[in-house]
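# A closer look at the structure
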Amino acid sequence: MNRRWLMIAGLGLLAGCAASGAPVLHPAQAAHPELERLYAARAGREALVIEVASNGCTAKPDFAFYVERAGEAATLSFARKRLDPCRSFAMGKTELSFTWAELGLDPRRPVFLLNPLAAWTGPGA
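Residues numbered from 1 in each chain as written. Predicted model: local features only at pLDDT ≥ 70, side-chain atom pairs only at ≥ 80, totals over all residues. Heavy atoms only, no water.

## Remarks on the overall build of the protein
If you tally the helices and strands in the protein, you get two helices and six strands. Within the protein, the proportion of its 125 residues that are buried is 29%. By sequence separation, contacts in the protein at least 24 residues apart represent 73% of the contacts at least 6 residues apart. Carbon and sulfur atoms provide 59% of the accessible area of the protein, an area that totals close to 8400 Å². (Helix = DSSP H or I, 4+ residues; strand = E, 2+ residues; numbered from the N terminus. Buried < 20%, exposed > 50% of the residue type's maximum accessible area, 1.4 Å probe, protein only. Contact = heavy atoms within 4.5 Å. Areas by Shrake-Rupley, 256 points an atom, 1.4 Å probe, with all protein chains shown as cover.)

Here it is, written out as C-alpha cells:
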C-alpha cells in the first residue's frame, strides 16, 4: 500500500467522525440488550478499566454505569448512551477507565459485573 492510499483511507476515516445522538440498537434476542458487550475488564487499585467496541470515536461520556448495592456486595453494569458515529475499515476497541470513587464503590468490597463478556476476534487477536 503506498502513502497515497494510506492518506485516502485516513481521510475517509476522519470524515466519518460526525456527531450523532442516535440511540443504541441491539438484537432483540440478546439476554440483556441494553448492556454493552465487553472485551475485557480489569480491576486495578485506583480504577476499573473496560474494553469496548469502537469505530474510532468512542469516549467515556458515551457510557452510563449502573450500581446496585445489596449488603456487602454491589452489582455494576455499563450501557452505551450513544453510538460511535465513526466509520472504520477494521474492527476496533478502546479502553475506558472509571475510578472507584467515580463509580461510588469501595475497591476492597466485592463487585459483580453484569455485562456480557465476548472474546476479541479483531486485529491482533
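## Quick look at the side chain of S54
With respect to the helices and strands, the residue S54 is situated in the loop between β2 (47–53) and β3 (63–70). Since its relative accessible area comes to 9%, S54 is described here as buried. Polar side-chain contacts of S54 include one of 3.0 Å to the backbone nitrogen of G56. Apart from the residues lying within four places of it in its own chain, the contact partners of S54 are D84, G92, K93 and T94. (Polar contact = N/O pair within 3.5 Å; in protein donor to acceptor, adjacent residues only side chain to side chain.)

## Things to note about the nonpolar core
Counting 13 residues, the largest nonpolar core has L48, I50, F78, F98 and L103 as its most contacted members. Looking at this core, the elements that each hand over two or more residues are β2, β4 (73–80), β5 (93–99) and α2 (100–103). Leaving out residues up to four positions away in the same chain, L48 has contacts with R42, A43, L76, F78, L96, S97, F98, W100 and L103. (Core = buried A, V, L, I, M, F, W, Y, C linked by side-chain atoms within 4.5 Å.)

## Points about the confidence of the model for the protein
As a general rule, the predicted coordinates of low-pLDDT regions are not to be interpreted in detail. For the protein, per-residue confidence averages 77 on the pLDDT scale, and residues scoring 70 or more make up 72% of the total. Within the protein, the element-level pLDDT minimum falls on helix α1 (residues 3–15), averaging 37, and the maximum on α2, averaging 97. Per-residue pLDDT stays below 50 along residues 1–32; that stretch engages in 26 contacts with residues further than four places along the chain or on separate chains. (pLDDT = per-residue confidence, 0-100.)

## Side note on the state of the cysteines
The tally for this structure, following the rule as stated, stands at one disulfide. Paired by a disulfide, C57 and C86 hold their sulfur atoms 1.6 Å apart. With C57 in the loop between β2 and β3 and C86 in the loop between β4 and β5, the pair connects residues that are 29 residues apart, well separated along the chain. The exposure class of C57 is partly exposed, given its relative accessible area of 24%. Taking relative accessible area as the criterion, C86 reaches 0% and is therefore assigned buried. (Disulfide = S-S within 2.5 Å.)

## Examining the pattern of salt bridges
Enumeration according to the criterion identifies eight salt bridges in this entry. The partner of K60 in a salt bridge is E102, and the shortest N-O contact between them spans 2.8 Å. Here the residue K60 occupies a position in the loop between β2 and β3, and E102 occupies one in helix α2, the gap between them amounting to 42 residues. In this structure E102 comes out as partly exposed when scored by relative accessible area, which is 35%. It is possible to trace a salt-bridge network through shared partners that takes in R42, E51, K93 and E95. (Salt bridge = Lys/Arg side-chain N within 4 Å of Asp/Glu carboxyl O.)

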